[in-house]
Amino acid sequence: MTAPAPAPVAEHAGEPLRERPFSRQNLIRTIAGGYLPLIIATLIVALPLLWMVLSSFKTPGEIVTTELQVLPQSLNLDNYRDAMTTVPFGRFFLNSAIVTAAGATIKVTLAIMTAYALVFVRFPFKNLIFILILVALMVPPQVSILPNYILVAGIGGKNTLWGIILPGLGTAFGTFLLRQHFMTLPASILEAAEIDGAGHWKRLWQIVVPVSVPSIATVALVTIVSEWNDYIWPLIITDRPEVMTLPVGLTLLQNSESGGGAWGMLMAGAVLVIIPVLVVFAMLQRYIVAGLTQGSVTG
């Protein structure tokens, strides 16, 4: 005799039917609640940048006009040539590169060492020091401009590159972010290294740093962007073109040219300023994505 076929499983009474993924209501909710806000936010961010790039190729007559003209008539590079020759653009770029490289390297290194000490080193008042770092994170940077100017100018740092770098060497944000990441690392790895005779210095640079590359890259990107785009402090501490950075140099470029004919040149200068930041972001993008998704998948 053959066994009877199993009876079909009855649906639970009152259980709502599962909605099809491509149903009309589901598509409307997905577009209205997901894609539409994303598209609007992207346009808000991207449209001013796109307009800046397009305006950098326009002639003065195409910018200062009563008729809206989105695309330039031709790829005119005169604005870029004028921007680089009207002011010492090469010198500004070199100054910004030095300030950003030195400042970001020192800030990230100090953040790594401070975060390691707050997590893995035992010393008195450790929690109090961390609270003070959080307080520094909440204080607006504009509050310290006047004390920093008096201090740096008093020790001869006015119109110098090290005078631009010095006040911003401490980074509360980087220390906080790395400390939170270091606390998620398994303590057994460091305990095994300590048993093998590894000191704090070796544990930091041979164990902690290699496994924390995504988080360190995120801190490095934020630090590089903030150093490159810093405007207020370099504007206050410098008044000579030979030590100005690129953001301050754009102000000098604006002051050197007046009228509607300067807008295209200013747009070209702004494009030249943001290109290095975009290159750095493209180089660190995969590390940043890994850092943001770290810990989201558990095994």
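For the structure given in this document, a descriptive report is provided here. Predicted, not measured: the structure shown is a model, and the values here were computed from it.

Time to look at the nonpolar core. Inside soluble globular proteins, nonpolar side chains tend to come together where they are buried. Ranked by size, the top nonpolar core spans 22 residues in total, and within it Y80, L246 and L253 carry the most contacts. Put simply, the parts of the chain that give this core at least two residues each are α3 (78-86), α4 (89-120), α13 (246-256) and α14 (263-292). With eight residues, the top contributor of residues to this core is α14. With sequence-adjacent residues up to four places away left out, L253 is seen in contact with A83, T86, V87, M265 and L266. Of all hydrophobic cores here, the second largest spans 15 residues; its members include A111, L185, V209 and I216.

With respect to the helices and strands, the residue S212 is situated in the loop between α10 (200-211) and α11 (213-229). On the basis of relative accessible area, S212 is assigned to the buried category, the value being 0%. Discounting residues that sit within four places of it in the chain, S212 has contacts with H181, F182 and L185.

So, on to the side chain of N95. Relative to the helices and strands, N95 is located in helix α4. A polar contact is formed between the side chain of N95 and the backbone oxygen of E242, at a distance of 3.0 Å. At a separation of 2.9 Å, a polar atom in the side chain of N95 contacts the main-chain carbonyl oxygen of M244. If sequence neighbours within four positions are ignored, N95 has contacts with L161, P241, E242, V243, M244 and T245.

Definitions and limits used
- Residues numbered from 1 in each chain as written.
- Predicted model: local features only at pLDDT ≥ 70, side-chain atom pairs only at ≥ 80, totals over all residues.
- Heavy atoms only, no water.
- Core = buried A, V, L, I, M, F, W, Y, C linked by side-chain atoms within 4.5 Å.
- Buried < 20%, exposed > 50% of the residue type's maximum accessible area, 1.4 Å probe, protein only.
- Helix = DSSP H or I, 4+ residues; strand = E, 2+ residues; numbered from the N terminus.
- Contact = heavy atoms within 4.5 Å.
- Polar contact = N/O pair within 3.5 Å; in protein donor to acceptor, adjacent residues only side chain to side chain.

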